[in-house]
Amino acid sequence: MTTSNPFFEPSDLPYELPPFARIRNDHFLPAFSRGMADQLAEVAAIGACAGPPTFENTVEALERSGAVLGRVCRVFSNKAASDTDEEIQALEVEITPRLAAHEDLLLLDSALFGRLDALHEQREQLGLDGEQLRLLERHHTLRVRAGARLAPEQQRRLRELNAHIAALCTEFDQNLRVATADAALVLDRAEELAGLPADQIAAAAENARALGHPGKFVLSLKNFSCQTELAALEDPALRERLLAASLGRGTDSNGPIAVTLARLRAKRAALLGYPSHAAWEVADRTAGTTDAVEELLGRLVAPAVANAEREGAALAEAAGVAQIRAADWQYYSERVRKERYDLDAAALRPYLELETVLHDGVFHAAGLVYGITFTRRPDLVSYHPDAHVYEVHDADGSPLGLYIGDFHSRESKRGGAWMNSLVVQSHLLGQRPVVVNNLNVAKPPAGEPVLLTWSEVNTLFHEFGHALHGLFSDVRYPLLSGTQVPRDFVEFPSQVNEVWADWPEVLAHYARHHLTGEPMPAELPARLREAENFGAGFRMVEHQAAAVLDWAWHTLSADGDVPGEDEVEAFEAAALERYGLAMAAIPPRYRTGYFAHIFNHGYAAGYYGYRWAEVLDADTVRWFRENGRSIRESGEIFRRELLAKGGSVDPLAAFRAVVGRDAEIGPLLARHGLTD
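Here's what I pulled together on the structure shown here.

The rules we used
Residues numbered from 1 in each chain as written. Predicted model: local features only at pLDDT ≥ 70, side-chain atom pairs only at ≥ 80, totals over all residues. Heavy atoms only, no water. Core = buried A, V, L, I, M, F, W, Y, C linked by side-chain atoms within 4.5 Å. Buried < 20%, exposed > 50% of the residue type's maximum accessible area, 1.4 Å probe, protein only. Contact = heavy atoms within 4.5 Å. Axes fitted to C-alpha atoms, helices over the stretch in contact; angles between N-to-C directions. Helix = DSSP H or I, 4+ residues; strand = E, 2+ residues; numbered from the N terminus. Parallel < 35°, antiparallel > 145°, perpendicular 65-115°, else oblique. Left-handed = near helix turned anticlockwise from the far one by under 90°. Nonpolar A, V, L, I, M, F, W, Y, C, P; charged D, E, K, R; others polar.

Some remarks on the nonpolar core
Right, on to step 1. Judged by nonpolar contacts, the single largest core of 167 residues is most densely connected at Leu193, Tyr403, Phe461 and Tyr510.
Right, on to step 2. In this view, Tyr403 contacts Phe363, Phe374, His388, Val389, Tyr390, Val392, Val435, Asn437, Phe464 and Ala467; residues no more than four positions away in its chain are not counted.
Right, on to step 3. Counting residues in each nonpolar core, the second largest holds 29 residues, with Val75, Tyr383, Ala387 and Ile404 among its members.

Some remarks on the packing of helix α3 (residues 67-82) against helix α4 (residues 86-107)
Right, on to step 1. Running from N to C, α3 and α4 cross one another at 140 degrees; their axes reach a closest spacing of 12 Å. Here α4 runs oblique to α3, going by the angle between their axes. The crossing of α3 and α4 is left-handed. Contact residues: α3 offers Leu69, Cys73, Phe76, Lys79 and Ala80, while α4 offers Ile88, Leu91, Glu92, Ile95, Leu99 and His102.
Right, on to step 2. Here the contact of α3 with α4 is composed, by residue class, of 8 nonpolar, 1 polar and 2 charged.

Quick notes on the environment of Ala278
Right, on to step 1. With respect to the secondary-structure elements, Ala278 resides in helix α11 (residues 277-282).
Right, on to step 2. Each C-alpha atom of the pair Ala278 and Arg299 lies 19 Å from the other, and the pair is 21 residues apart in sequence.
Right, on to step 3. Contacts of Ala278, omitting those with residues within four sequence positions, involve Thr290, Trp551, His554, Thr555 and Ala605.

Points about the packing of helix α12 (residues 290-319) against helix α13 (residues 326-341)
In a packed pair of helices, the relevant descriptors are the angle between the two axes and the axis-to-axis distance.
Right, on to step 1. It is at 9 Å that the axes of α12 and α13 come closest, and there the two elements cross at 85 degrees. Relative to α13, α12 is oriented roughly perpendicular. When α12 is examined against α13, the residues Ala308, Glu311, Gly312, Ala314, Leu315, Ala318 and Ala319 are found in contact with a partner set consisting of Trp329, Tyr332, Ser333, Val336 and Arg340.
Right, on to step 2. Here the contact of α12 with α13 is built from residues that sort into 8 nonpolar, 2 polar and 2 charged.

Quick look at unusual backbone geometry
Right, on to step 1. Backbone geometry places Glu16, a non-glycine residue, at a positive phi of 60 degrees.
Right, on to step 2. Here Glu16 is to be found in the segment before α1 (28-47).
Right, on to step 3. Overall, the relative accessible area of 25% leaves Glu16 in the partly exposed class.
Right, on to step 4. Unlike most non-glycine residues, Asp342 shows phi in positive territory, near 55 degrees.
Right, on to step 5. With respect to the helices, strands and loops of the structure, Asp342 is situated in the loop between α13 and α14 (345-348).

Honestly, that's just the spatial picture; any functional story needs more than this.
Below, the structure is given as structure tokens:
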């Protein structure tokens with residue numbers, strides 16, 4: 001095992017792609033154990049260094065540490081999210097608290113912190129360049145925030161809290177996987193799915209077969225509240241069942257965990273000197289203060305609610321009822337869009353075939369804007385047959401990295417869409433990036449086309465924006481590479497990339513009928529953009545509602561009133577009422593029981609970041625449209641000044657380097673058809 005474990009040495013594959021063909025589940029635990037032991041020894045050696053601290057023998061040495069652990073962590077994290085099994089889930093439960101304890105040992109090591117603290121005190125006299133100074137400041141800040149200045153007894157308590165929080169986060173995620181699978185609707189007859197396009201009914205049959213229900217039809221739940229099928233299903237009772245299944249999952253198993261996590265995070269924040277977990281988190285983000293977040297959330301509520309109420313009135317009229325139900329909102333939205341804008345969402349799907357959207361849309365746009373190209377590498381084995389590897393080359397033909405696309409849902413994959421890094425770009429380590437995009441598009445029967453909804457097209461462009469952030473990274477140090485930027489900034493580049501989905505030159509290149517090759521009718525894109533405004537109120541309210549639930553959970557103080565384990569629904573209702581977002585017909589995009597973003601995936605007190613980043617995104621899109629340069633010239637500026645920088649510069653300074661000023665909120669309000 002010692003000599004054959006593929007994590008113990010760098011991969012000899014192109015770009016150090018992990019050797020997935022050799023990796024087995026029983027390799028993970030020995031690699032974790034050795035990786036943690038190696039890094040602790042490396043850090044101990046740095047702290048015990050006889051000479052005075054220098055940037056090279058302390059900060060750079062720290063950046064070189066943990067090679068084995070880094071390799072196994074990145075592969076395991078991707079495996080646990082994309083292709084898990086019972087062994088991996090059991091290992092998650094075992095290893096997560098150990099990793100949390102290991103992280104504490106690194107961040108709270110007194111000898112290492114003493115050297116970093118000494119360097120930080122004299123940082124202006126060290127002759128460091130901008131990236132070196134940024135790296136020193138980040139390492140120092142991370143340790144101060146983690147409790148390096150606390151007394152030993154306080155640090156002991158902090159370690160206990162961190163281990164407990166890490167274990168509960170894993171439990172939340174595993175509970176959610178089970179609850180989501182258990183809440184899937186199993187139907188006996190195709191007629192029950194009346195209204196769904198034929199290919200979606202076929203996908204439901206294929207899903208049933210894969211899940212052990214041959215001859216039936218299964219609607220598996222997406223990770224958000226309002227399931228996409230609600231827009232098409234004709235049976236109102238089935239719509240009600242589907243929404244109820246979505247909203248109710250995880251309440252029993254994860255509600256108590258959420259309460260405990262909120263309580264523990266509040267206690268940890270108090271120990272670290274902050275009034276709440278939100279205050280602790282935001283202090284290290286671009287927002288800076290909880291007041292700034294509150295201002296943004298408050299500013300968007302009134303126009304969003306007013307717009308949603310107008311939409312709801314139109315839907316109630318179309319349905320012939322006094323008030324529209326939540327389960328019927330999407331269904332009648334499609335009818336109103338069709339009547340007002342002559343746009344049938346289902347009629348778009350034949351023009352949006354997955355492989356064509358990817359190659360002639362997403363990749364083509366990246367070529368237009370940045371000059372890069374993609375070549376399929378079937379010779380390189382990925383971690384799952386559905387995950388395909390592409391080599392990426394720069395405009396001058398030089399190698400840039402690898403991109404892996406894994407787009408289909410399966411029982412072994414968690415819900416949602418995301419980007420992972422398998423290899424992090426670093427000039428110090430001589431590494432080019434390897435990045436992964438995951439989506440959850442239903443897989444049709446063999447040989448049938450994969451037709452996307454417009455929402456899925458946008459999601460693909462969005463996640464590819466994260467991938468570009470990783471691929472374009474051009475920094476020396478791993479800690480500053482790619483998407484390692486503040487949480488309320490990380491969504492900004494990905495949201496900017498969504499603009500290319502309906503950019504005329506790009507849309508015309510990929511929106512072709514999958515059978516005839518005919519382009520999408522010229523009038524459809526314009527009608528699509530008009531129709532998108534109808535629904536802006538709904539989208540903003542459901543997102544704002546989720547953001548304020550996150551905020552309510554994480555602005556609790558350690559000595560304040562934390563709800564009981566059986567009071568989750570009452571807590572949610574009170575929070576929505578307090579923020580003016582208690583609209584029965586528009587549930588939050590995520591409720592507590594399935595809000596994995598904040599209870600496991602790093603967005604605690606950070607879900608507001610999607611809107612915070614969208615202020616930057618909308619302003620940048622305006623810059624792309626109006627700056628007078630070609631798309632290619634603008635793309636080079638955006639790449640050079642922002643995407644390539646990763647975390648090596650202040651993120652808002654990078655934004656100003658592109659746009660030339662601070663961000664304005666006007667473009668965001670205009671995008672959603674809102675008035676300030």
